[in-house]
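Okay, here's what each chain looks like letter by letter:
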Amino acid sequence: MDNSLLLCIFLFFLLLLVNAKEFGAELDECKETRCKYDGPTIRFPFWLKDHQPEHCRYPGFELSCTEDNDTMLELPRSVKLLVKHIDYTTQEIDVYDPVGCLPRQIENLTLTASPFQFAFLYGPYNYTFFNCSSDKYDAYDEDRVIPCLSSHGYKIVAVMSYADALAAPLSCPRMNESKLDSLYYLIKNYHQPVDLSLNWSKPMCRNCEADGNYCIRKGNTLEIQCLPNHTGWNYN
């Protein structure tokens, strides 16, 4: 066989080997991780801030680890929520308020500039919030009080805005009005810490995940490709 042909074949396989090694290293950089042993698994489209390179990232899916190694999602307008669970097959993420009081972040909670949508819609509903002195609010209206926003000497009361004329607490200053698709759910579950379920439609990886495989970005584009399963994770 001609020496030049042998050289071409050698260089061809060498190039394949180099590309395979680079691709393998790229996959290794993007492999799933967690903030702590029993925390939610973090993998594409989510990525861990300051831990994974650009090609592992998909815009809007940044997560971070708190000082206590909890997993945190930051939404627009500085709404910070802890992550309880991520289901990559249904493309749904369950989040909750760090202090167990989601209503405290209602005024800033918007998903318009994020890749997420509310998994369960109950509206939209408009609620008006009132600040009532404890001695001026009737006991029979306790079901409208939001305990985690209230304190000694005053109570924060939520009333559906259309009912203001009949249900507005007397002698209570009006605070603000909020409108949110899932606001009814948050208000009606004020008596206990509640999870908020969000889902995403892009990137669409549920079929890939359902087959036991995983998604990655295609180069520097926002297109995705489905690859055979690659296991292994790191703990911070």
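Residues numbered from 1 in each chain as written. Predicted model: local features only at pLDDT ≥ 70, side-chain atom pairs only at ≥ 80, totals over all residues. Heavy atoms only, no water.

J.: Would you explain the state of the cysteines in this entry?
T.: Disulfides are covalent bonds that link the sulfur atoms of two cysteine residues. Within the structure shown, the criterion is met by five disulfides. A sulfur-sulfur distance of 2.0 Å marks the disulfide that ties C30 to C56. Between C30 and C56, the S-S dihedral sits near -85°, and the bridge is therefore left-handed. Of this pair, C30 sits in the loop between α1 (3–29) and β1 (33–34) while C56 sits in the loop between β2 (47–48) and β3 (62–65), placing them 26 residues apart in sequence. (Disulfide = S-S within 2.5 Å. Helix = DSSP H or I, 4+ residues; strand = E, 2+ residues; numbered from the N terminus.)

J.: Can you walk me through the packing of aromatic side chains in this structure?
T.: Aromatic ring pairs: the centre-centre distance and the angle between the two ring planes describe each pair. Under the counting rule described, the total for this entry stands at 10 aromatic pairs. Grouped by ring-pair contacts, the aromatic residues F44, F46, Y58, F61, Y88, F116 and W200 constitute a single cluster. (Phe/Tyr/Trp six-rings, centres within 6.5 Å; stacked < 30°, edge-to-face > 60°.)

J.: It is not clear to me how the pattern of salt bridges should be interpreted in this structure. Could you clarify?
T.: Opposite charge on two side chains allows them to pair when their charged atoms are near. Counted by the stated rule, this structure contains six salt bridges. Note that K218 is salt-bridged to E223, the shortest N-O span being 3.8 Å. Take K218: its relative accessible area is 37%, and that puts it in the partly exposed class. Residue classification places E223 among the partly exposed residues on the basis of a relative accessible area of 49%. In this structure, a network of salt bridges that share partners links the residues E32, R43 and E209. (Salt bridge = Lys/Arg side-chain N within 4 Å of Asp/Glu carboxyl O. Buried < 20%, exposed > 50% of the residue type's maximum accessible area, 1.4 Å probe, protein only.)

J.: What exactly am I supposed to notice about the sheet that holds strand β7 (residues 116–118) here?
T.: The strands making up a sheet are joined through hydrogen bonds of the backbone, oriented either antiparallel or parallel. Taken together, seven strands build an open sheet; the order of strands is β2-β3-β4-β5-β6-β11-β7 and the sheet is mixed. Only two strands of the sheet have a single partner each, and these edge strands are β2 and β7. Pairing between strand β4 (residues 71–75) and strand β5 (residues 79–87): four bridges, direction antiparallel. Looking at the pairing, M72 lines up with L82 of β5. (Pairing = 2+ DSSP bridges.)

J.: What is the right way to read the pairing of β3 from this model?
T.: The side chains of a regular strand alternate between the sheet's two faces. Judged from the two bridges that link them, β2 and β3 form a sheet pairing that is parallel. The partner of W47 across the bridge, within β3, is E62. Bridge count for β3 against β4 is three bridges, and the pairing is antiparallel. Paired with S64 across the strands is M72, a residue of β4. Where β3 folds back onto β4 in an antiparallel hairpin, the turn is made up of five residues, including N69, whose phi is positive at roughly 65°.

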